[in-house]
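# A closer look at the structure
Spelled out from the first residue to the last, the chains are:
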Amino acid sequence: MIIKVILILAIMGVAVNFIKSRGSSKTRAYKKLALMLLIPFSVYSVLFPETLTKIANMVGVGRGADLLLYCLTVVIIFTAFNNYVKDRENNKKLVILARKIAILEAENDSQNKK
């Protein structure tokens, strides 16, 4: 029973931290919506784990824990890919900024030499 309390408190802590963070206004709407749907589902599956097992059996997985592991694997892969794409975009923006700064500094140096 103690693990259920710990898990529910952890879920609520993550939710509160996500909602209160300053960066949450920059977060896309679908992520906020997904979190709002995930919170009650997570709490429900902690309180009634047999429901997750029934869902797992309906989709052809033996146990609810296995289904949860498969879902988490997909989420981790998606997150890693998403971070990779964002990192590439940020690197491209950084290169463009560095080039613009170099051009501006070169123009400024040439005007100062005159």
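Residues numbered from 1 in each chain as written. Predicted model: local features only at pLDDT ≥ 70, side-chain atom pairs only at ≥ 80, totals over all residues. Heavy atoms only, no water.

### Side note on the overall build of the protein
Helix and strand counts for the protein stand at 4 helices and 0 strands. Over its C-alpha atoms the protein spans a radius of gyration of 23 Å, topping by over 25% the 13 Å that the globule rule assigns to 114 residues. Looking at the protein as a whole, 14% of its 114 residues are labelled buried. Of all intrachain contacts in the protein linking residues separated by at least 6 positions in sequence, the fraction that spans at least 24 positions is 41%. Accessible area of the protein: about 9,700 Å², with a carbon and sulfur share of 68%. Taking the 17 positively charged and 7 negatively charged side chains of the protein as two groups, their mean positions are separated by 6 Å. (Helix = DSSP H or I, 4+ residues; strand = E, 2+ residues; numbered from the N terminus. Rg over C-alpha atoms; globule rule 2.2 N^0.38 Å. Buried < 20%, exposed > 50% of the residue type's maximum accessible area, 1.4 Å probe, protein only. Contact = heavy atoms within 4.5 Å. Areas by Shrake-Rupley, 256 points an atom, 1.4 Å probe, with all protein chains shown as cover. Lys, Arg positive; Asp, Glu negative; His and termini not counted. Charge placed at Lys NZ, Arg CZ, Asp CG, Glu CD.)

### Observations concerning the packing of aromatic side chains
Inspection of every chain in the model, using the stated rule, returns 1 aromatic pair. Ring geometry for Y44 and F48: centres 4.9 Å apart, planes at 50°, overall tilted. (Phe/Tyr/Trp six-rings, centres within 6.5 Å; stacked < 30°, edge-to-face > 60°.)

### What about a nonpolar patch on the surface?
Together, I2, I3, I6 and L7 make up an exposed nonpolar region whose accessible area comes to about 400 Å². As for its placement among the helices and strands, I6 is situated in helix α1 (residues 2–20). Accessibility expressed as a relative area gives 48% for I6, which makes it partly exposed. (Patch = residues over 30% accessible without salt bridge, like charges linked within 9 Å, V, L, I, M, F, W, Y side chains within 5 Å. Salt bridge = Lys/Arg side-chain N within 4 Å of Asp/Glu carboxyl O.)

### Re helix α4 (residues 64–113)
Compared with an ideal rise of 1.5 Å per residue, which puts 50 residues at 74 Å, α4 spans 73 Å between its outermost C-alpha atoms and is within 8% of the ideal. Where α4 is concerned, the buried positions are G64, L67 and N82. Looking at the buried positions of α4, the neighbouring elements they touch are α2 (29–47) and α3 (49–58). (Expected span 1.5 Å × (residues − 1).)

### Some remarks on the nonpolar core
Ranked by size, the top nonpolar core spans 7 residues in total: I8, I11, A15, L35, I39, V43 and V46. Mapped by element, the contributors of at least two residues to this core are α1 and α2. Broken down by element, this core gets its largest block of residues, 4 residues, from α2. (Core = buried A, V, L, I, M, F, W, Y, C linked by side-chain atoms within 4.5 Å.)

### Focus on α1
Over its 19 residues, α1 extends 27 Å from the first C-alpha to the last, a length consistent with the 27 Å expected when each residue adds 1.5 Å. Burial in α1 covers these residues: I8, I11 and A15. Along the axis of α1, the buried positions cluster into a sector of 60°, meaning they face one direction only. The outward face of α1, more than 90 degrees from its buried face, is lined by the exposed residues I2, I3, L9, V14, N17 and K20. At its buried positions, α1 is contacted by α2. (Arc of directions from axis to C-beta.)

### Overview of the environment of I39
Within the fold, I39 resides in helix α2. On the basis of relative accessible area, I39 is assigned to the buried category, the value being 14%. Setting aside residues up to four positions removed in sequence, I39 forms contacts with I11, M12 and A15.

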